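Examining the three-dimensional arrangement
Residues per chain, in single letters:
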Amino acid sequence: MMKFRFRRQGNDPQREKIKQDLFAFNKTVEHGFPNQPSALAYDPKLQLMAIGTKSGAIKVYGAPGVEFTGLHKETAAVTQIHFLHGQGRLLSLLDDNTLHMWEVGQRDGSSYLEEVGNFTLPGRPGIESASATRVTVLQLKLTCDLLSIGTEGGGVHFLELPSLTLMDKSLFQDEIMQSVPEEYKCGKSLGPVESLQEHPQNPDKILIGYSRGLVVLWDLNTRHVDNLFLGKQLESLVWERTGKSFVSSHSDGGYMVWAVDSSTPCTHQPVSSTIPYGPFPCKAVNKILWRTTESGAPLVLFSGGMPRASFGDRHCLTILQDSSHVTLDFTSRVIDFFTIHCTDKCKDFDDPTALVVLLEEELVVIDLQTSGWPTIPSPYLAPLHSSAITCSYHISNVPPKLWERVISAGQQQGSLQTHTNWPICGGKNLAPDPKHQELLLTGHEDGTIRFWDASGVSLKPLYKLSTANIFQTDCDHNDSLTQAGEEEWPPFRKVGCFDPYSDDPRLGIQKICLCKYSGKLVVAGTAGQVIVMYLSDEKSEHMIDVATVDLLQDREGFTWKGHDRLPPKTGSVAFAPGFQPVVLVQCMPPAAVTAVTLHAEWNLIAFGTSHGFGLFDYRRRSPVLARCTLHPNDSLAMEGPLSRVKSLKKSLRQSFRRIRKSRVSGKKRVVVNSPTSKVQEANAQLAEQDAEVTPVQRRIEPRSADDSLSGVVRCLCFADTFLRDGTHHGPTMWAGTNSGCVYAYALDVPSQEKFSEQSVEALLGKEIQLMHRAPVVSIGVLDGRGNPLPEPYEVSRDLAKAPDMQGSHSVLIASEEQFKVFMLPKVSAKTKFKLTAHEGCRVRKVALANFTSVSSDEYSENGLVCLTNLGDIHIFSIPALRPQVRYDCIRKEDISGIASCVFTKTGQGFYLISPSEYERFSLSARVITEPLCQVDMERPREPTVPEENTALQPQANGTHKTQSTGENKSLGEAEGVLDEMQSALSSPALDSPNSSADLTLDTTGELTVEDVKDFLVTVDEVENNLRNITEEDGRSPGILIN
């Protein structure tokens, strides 16, 4: 018998084929707002937007569902992005001073983003002024065949596109200085190039702005200065559409309008000069846009410029037109912005339709066509972290009626939003419409619950629910955006929804449970509040019933040292259409709720904290049960999450006690008369069988019974099953704790007709103590066929097959260390799988999911999905608990990602990869939600790239960068020592991928100052050398074509 138990089964080819049809791991899409955005670009022809991040990612967005991502091999921040309009190409500049060319490619009928080349502006290694060639600004010609590059040294260089070839027409400051009046020179340099702008009517002319204030109109063909404009310290430039004037913004908070007249080559005075928020000192106007309109006055948009003393800490963008003046006040820093306007040269006006503002924490789009300039709701890129996410809950296969009611409630909330179509609408979404609607609910630190459409690639916000308005707090929780008063100056208007500050940490949402058939919602918070809500289509004003449940049950010796409860409002409260609170159940002590569940058919909710669990009849507004789970030594449970009185001495004592107990060998004596003796006997038998453990397993040490926080209730569930005997089934409630204890209660629930007359009664049926006292993560009851029981109302409404009540039921208990199936009603152990037998692996998240085969709609299997503390996912068959597949999903160091993971019932999952982004993944070979889109573009025929530029050496994990000879050549390099080092670095031996040499561009690492002092030159000499070089020497063949 034992031989059969441990016999290893060979791989069954037929079973392997079935597993391939059922299971497949894919990370499919990232939902939410990119973490730490750093650059923005827009292609008006393809109507695509690109966002670059500090981690080196580029994300391209079009119409909802159209998105693709590229990741630089280097982990450097993206500082600028520029589209080659209409070509499906874009250029990125990283803060390591490298340029990268990206292309939208086609594969299997859908589009993707790939890097096709890179370029580094040649500089001279080993000189002090390496920053002279640091790129400050890029400007693409409208024809997209030439890129102008401004540098910190004041030089302007030109690249041929798309080949990324350096041209022999660089422009340097000394050439410009020849045309500057003597009184302006003052022996100073012009400073870095701050702005480059192509002439809107004459593409051969370019406007160059230097940091010190000089602006030059340069003719590329004649290499001549057409006009000079002498201004103040410069921040940005923008042309007026006709090319007859331009606008400059400055560091003093003002902007100037300059007339471009060929008869006055040197202009000292602008046409107009304005400091909008003067006369007191103001911050710099970082960027300005000037857009002409057919209706008359131009539209002026600029960021910054706030009065330094009063509002220097505000993040603002100003819109000016005639007498209309609005100061958009954001809660995070403005990264960049652009307008969507007419770019047709045949038209006379810009006529902007929308303003797109990229902020550090969100994207805001303003409708410029509607009076008042309202915001346009975003179908994607919503800031998930508008308040920090504290929990999440997923609902699959949402009924159409609930879906429509939630959307309707959300639409009535957008009072300051326009219903203009989303302006960024490029590309085609090829993904089929979802067969079923999915909801993702996120609970937040400020007491709000947000409902998201998770059916497709775009995570769209549907509805926002706040719980703060039922409590008495210090601040007014008015969710509507308040308009500025008429007399206020500047005329601020709060825009955006990112608001990370919570007025009271006790408001934080900890647990959510929603019945999708009845529209009943339960949310539980940090201060022991459990709120029952009903979905209503009408607004209402009513009082909320409040009930208090004492979970300590008058137990002596415990004093709560944590936060107080949130005081509820006493009078009537007005509620908008949507989910409206009807009952507030307050747990005492007011510790954070750790588990909650709802059974709408029985009108019951169950909730648990670190002190115990309770059962509440929300229809009769009466408590049914309260059970304290505290151990006598559970002092830490009385301190609360917001208390800072946890004792270091106490934790050390606990640790040493655990170490001592783990060294004590021998089995515990079973008390025959105890109610759990049968369970312990069964556990002991299984433990004896485990004496012959396989080599990869290790014995799990039992935990101490007096571990701190052992009374924390980890999971709760309702089930209609056999608990009293094997012939009569009925309602039951199950609770699992941190100490490995499971409580099973038989419930006497009256019929629907007698609900108002009779009360629900609960009787303890079973109490199970797991031998190793590992925390119970999940409990699930399986029917006679081994399938999970259906949800409330599913059977009565003919939405699911009735469970098998003929065969014996079983209960699946998942602890942090192992899974165990017990037969009901005797609670005899049937089978188990010890996951912690694999070194250091503990269960973190568990769910039951249904997997449908890709080969046949008719075939599906239920599986137990488990996420461990190592970030890997295991799938087991149920009820046999046979391992099926294992996938690496999350980095084991990413503790917040593991803690935030939520599984769906169809084999998908979500976890946070940053405070603002969910990574979506699929474990099912059939159910996959991923971008499937196409971008149509016309790309000009490209010149043939020289063969030496296309050679690629193998790269080891993106860390070994091969350098071609051209990349190691510097312009105007000296003879002697540097020559020898260059030839050594470009030798065939070191270019070999098998070489272990560490190749870098810093060739002076082993030299002293004495060795190279003869080669050190000034910035001006470097720029002169760079200007005089031949085209052959200046071309860098170091373009990597992937």
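As a starting point, this report considers the structure included with it. Computed from a predicted structure; not experimentally measured.

**Some points on the pattern of salt bridges**
Inspection of the entire model under this criterion finds 29 salt bridges. Residues Arg314 and Asp329 are paired through a salt bridge, measuring 2.8 Å at the closest nitrogen-oxygen approach. Highlighted residues: Arg314 in the loop between α5 (308–311) and β25 (315–321) and Asp329 in strand β26 (residues 324–330), separated in sequence by 15 residues. Overall, Arg314 belongs to the partly exposed group, its relative accessible area being 32%. Judged by its relative accessible area of 2%, Asp329 is buried. In this structure, a network of salt bridges that share partners links the residues Glu30, Lys59 and Glu917.

**A closer look at the pairing of strand β48 (residues 729–737)**
For β48, the tally of buried residues reaches 8 of 9 residues, placing the bulk of the element in the interior. One ladder, built from 9 bridges, connects strand β47 (residues 713–722) with β48; its direction is antiparallel. Bridged to Ala719 within β48 is Thr732. Linking two consecutive strands that pair antiparallel, namely β47 and β48, is a turn of 6 residues.

**Some thoughts on the sheet that holds strand β52 (residues 810–815)**
Strand order in this open sheet of 4 strands is β51-β52-β53-β54, and the pairing throughout is antiparallel. Where the open sheet ends on each side, the last strands, each with one partner, are β51 (776–782) and β54 (828–834). Each neighbouring strand pair of the sheet contributes to a mean axis angle of 15°, computed without reference to strand direction. Direction of pairing for strand β53 (residues 818–823) relative to β54: antiparallel, over a ladder of 6 bridges.

**Details of the environment of Gly608**
Its place among the elements puts Gly608 in strand β44 (residues 604–608). What makes Gly608 buried here is its relative accessible area of 0%. Each C-alpha atom, one on Gly608 and one on Val712, is 7.6 Å from the other, the two residues being 104 residues apart in sequence. Non-local contacts of Gly608, meaning those with residues more than four positions away in its chain, are made with Ala592, Val593, Thr594, Ala595, Phe613, Val713 and Leu716.

About the cut-offs
- Residues numbered from 1 in each chain as written.
- Predicted model: local features only at pLDDT ≥ 70, side-chain atom pairs only at ≥ 80, totals over all residues.
- Heavy atoms only, no water.
- Salt bridge = Lys/Arg side-chain N within 4 Å of Asp/Glu carboxyl O.
- Helix = DSSP H or I, 4+ residues; strand = E, 2+ residues; numbered from the N terminus.
- Buried < 20%, exposed > 50% of the residue type's maximum accessible area, 1.4 Å probe, protein only.
- Pairing = 2+ DSSP bridges.
- Axes fitted to C-alpha atoms, helices over the stretch in contact; angles between N-to-C directions.
- Contact = heavy atoms within 4.5 Å.

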